[in-house]
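# Survey of secondary and tertiary structure
Residue-level listing of the chains:
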Amino acid sequence: GTDFTTMESFFDGRTQKTLKRKYKFEMTKNPALVEAALNPSARKNVDLSVFEVTDSDLANIKQPVPPADLGPTPVEGKESTSGEDTQKTTSQKEVVEEDADDERQQVLEET
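The structure reproduced in this document is the subject of the present report. Being a predicted model, the structure only gives us computed values, none of them experimental.

## Details of the overall build of the chain
- Tallying secondary structure elements over the chain gives five helices and zero strands in all.
- Counting helices and strands in the order they occur from the N terminus, the chain gives α-α-α-α-α.
- Within the chain, the fraction of its 111 residues that count as buried is 5%.
- Carbon and sulfur atoms form 54% of the exposed surface of the chain, whose accessible area is close to 10,700 Å².

## Side note on the packing of aromatic side chains
- Counted by the stated rule, this structure contains one aromatic pair.
- For the ring pair Phe4 and Tyr23, a centre distance of 5.7 Å and an interplane angle of 70 degrees mean the geometry is edge-to-face. Of this pair, Phe4 sits in helix α1 (residues 4-10) while Tyr23 sits in helix α2 (residues 16-29), placing them 19 residues apart in sequence.
- The class for Phe4 is buried, based on a relative accessible area of 13%.
- Looking at Tyr23, the relative accessible area reads 25%, which means it is partly exposed.

## Some details on the environment of Met7
- Note on placement: Met7 falls in helix α1.
- Residue contacts for Met7: discarding those within four places in its chain leaves Thr2 and Leu19.

## Comments concerning the pattern of salt bridges
- Summed over the entire model, instances satisfying the criterion amount to one salt bridge.
- Notably, a salt bridge pairs Lys22 with Glu26, separated by 2.8 Å at the nearest N-O pair. Highlighted residues: Lys22 and Glu26, both in helix α2, separated by four residues, approximately one helical turn.
- Judged by relative accessible area, which is 42%, Lys22 ranks as partly exposed.

## A closer look at the side chain of Glu26
- The buried category is assigned to Glu26, whose relative accessible area is 19%.
- Discounting chain neighbours no more than four positions away, the residues touching Glu26 are Pro31 and Val34.

## Here's the deal with the environment of Lys20
- Tracing the sequence through the fold places Lys20 in helix α2.
- In this structure the C-alpha to C-alpha distance between Lys20 and Phe4, which are 16 residues apart in sequence, comes to 6.8 Å.

## Notes on a nonpolar patch on the surface
- Taken together, Val46, Leu48, Val50 and Phe51 make up a surface patch of nonpolar side chains, about 470 Å² in accessible area.
- Along the polypeptide, Val46 turns up in the loop between α3 (31-38) and α4 (55-59).
- Taking relative accessible area as the criterion, Val46 reaches 58% and is therefore assigned exposed.

## As for the packing of α2 against α3
- Contact pair α2 / α3: the axes reach a minimum separation of 5 Å and the direction vectors enclose 120 degrees. Taken together, α2 and α3 sit at an angle that is classed as oblique. Contacts between α2 and α3 involve Tyr23, Glu26, Met27, Thr28 and Lys29 from the former and Pro31, Val34, Glu35 and Leu38 from the latter.
- Of the residues contributing to the contact of α2 with α3, the split by class is five nonpolar, one polar and three charged.

What counts, and at which threshold
- Residues numbered from 1 in each chain as written.
- Predicted model: local features only at pLDDT ≥ 70, side-chain atom pairs only at ≥ 80, totals over all residues.
- Heavy atoms only, no water.
- Helix = DSSP H or I, 4+ residues; strand = E, 2+ residues; numbered from the N terminus.
- Buried < 20%, exposed > 50% of the residue type's maximum accessible area, 1.4 Å probe, protein only.
- Areas by Shrake-Rupley, 256 points an atom, 1.4 Å probe, with all protein chains shown as cover.
- Phe/Tyr/Trp six-rings, centres within 6.5 Å; stacked < 30°, edge-to-face > 60°.
- Contact = heavy atoms within 4.5 Å.
- Salt bridge = Lys/Arg side-chain N within 4 Å of Asp/Glu carboxyl O.
- Patch = residues over 30% accessible without salt bridge, like charges linked within 9 Å, V, L, I, M, F, W, Y side chains within 5 Å.
- Axes fitted to C-alpha atoms, helices over the stretch in contact; angles between N-to-C directions.
- Parallel < 35°, antiparallel > 145°, perpendicular 65-115°, else oblique.
- Nonpolar A, V, L, I, M, F, W, Y, C, P; charged D, E, K, R; others polar.

Read these as spatial facts, not as claims about activity.
Given below as structure tokens:
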């Protein structure tokens with residue numbers, strides 16, 4: 001049978017009510033699939049050995065490289081104490097604005 005209380009523990013964020021609603025919906029749309037899923041004699045044997053992980057598999061996994069520290073990023077609208085930071089931020093804004101202008105021009109040419 002269907003035990004929605006037990007099912008609720010397997011589905012995070014789902015209540016018994018939502019699980020029962022989904023069950024009723026699927027019973028009207030796909031009754032054969034629901035019956036096959038709930039019928040223990042209809043289950044097929046699956047070879048789970050393909051999912052086994054060996055020590056050599058674990059040794060071949062590459063460890064993630066931490067991202068490089070690029071230092072503090074300039075905050076828009078915040079005044080910087082050094083002139084270099086302001087110049088970099090201004091030049092970056094100009095490049096973005098130029099790219100936007102180029103895209104607008106391309107769209108106008110296409111129409």
